[in-house]
Amino acid sequence: MIQAITRFMRPVNFLGVPVLVVPAGQSPSGLPIGMQLIGRPFGDETLIALGRAFQVATDHHRRIPALQ
């Protein structure tokens, strides 16, 4: 189970670059969808600023997922 969940994160972890995941909507059934942002080496500040700008422009982080 854990391998299935982390399969998209592993390649980035090996590179050692900063990564940020932000809420980016919901599926048709109401489940949350995340967007993974990958930055340049030592580009943490830029990545955080981008994630913050996305949250300011959207309301995805305020939505409550559907209970399945």
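Just so it is clear, the structure is predicted and the values come from calculations on it, not from any experiment.

### A few points about the environment of Leu-31
Okay, so step 1: If you trace the backbone, Leu-31 turns up in the loop between strand E1 (19-26) and strand E2 (32-38).
Okay, so step 2: When the C-alpha atoms of Leu-31 and Pro-65 are compared, they prove to be 5.4 Å apart, with 34 residues separating the residues in sequence.

### A closer look at the pairing of E1
Okay, so step 1: The pairing of E1 with E2 spans six bridges and is classified as antiparallel. Of the residues in E2, the one forming a bridge with Val-21 is Gln-36.
Okay, so step 2: The turn linking E1 back onto E2 is made up of five residues, and Gly-30 within it adopts a positive phi angle of 95°.

### Concerning a nonpolar patch on the surface
Okay, so step 1: Nonpolar side chains collect at one region of the surface, where Val-19, Val-21 and Ile-38 lie side by side and expose about 250 Å² of accessible area between them.
Okay, so step 2: As for its placement among the helices and strands, Val-19 is situated in strand E1.
Okay, so step 3: Looking at Val-19, the relative accessible area reads 34%, which means it is partly exposed.

Reading the values: rules and limits
- Residues numbered from 1 in each chain as written.
- Predicted model: local features only at pLDDT ≥ 70, side-chain atom pairs only at ≥ 80, totals over all residues.
- Heavy atoms only, no water.
- Helix = DSSP H or I, 4+ residues; strand = E, 2+ residues; numbered from the N terminus.
- Pairing = 2+ DSSP bridges.
- Patch = residues over 30% accessible without salt bridge, like charges linked within 9 Å, V, L, I, M, F, W, Y side chains within 5 Å.
- Areas by Shrake-Rupley, 256 points an atom, 1.4 Å probe, with all protein chains shown as cover.
- Salt bridge = Lys/Arg side-chain N within 4 Å of Asp/Glu carboxyl O.
- Buried < 20%, exposed > 50% of the residue type's maximum accessible area, 1.4 Å probe, protein only.

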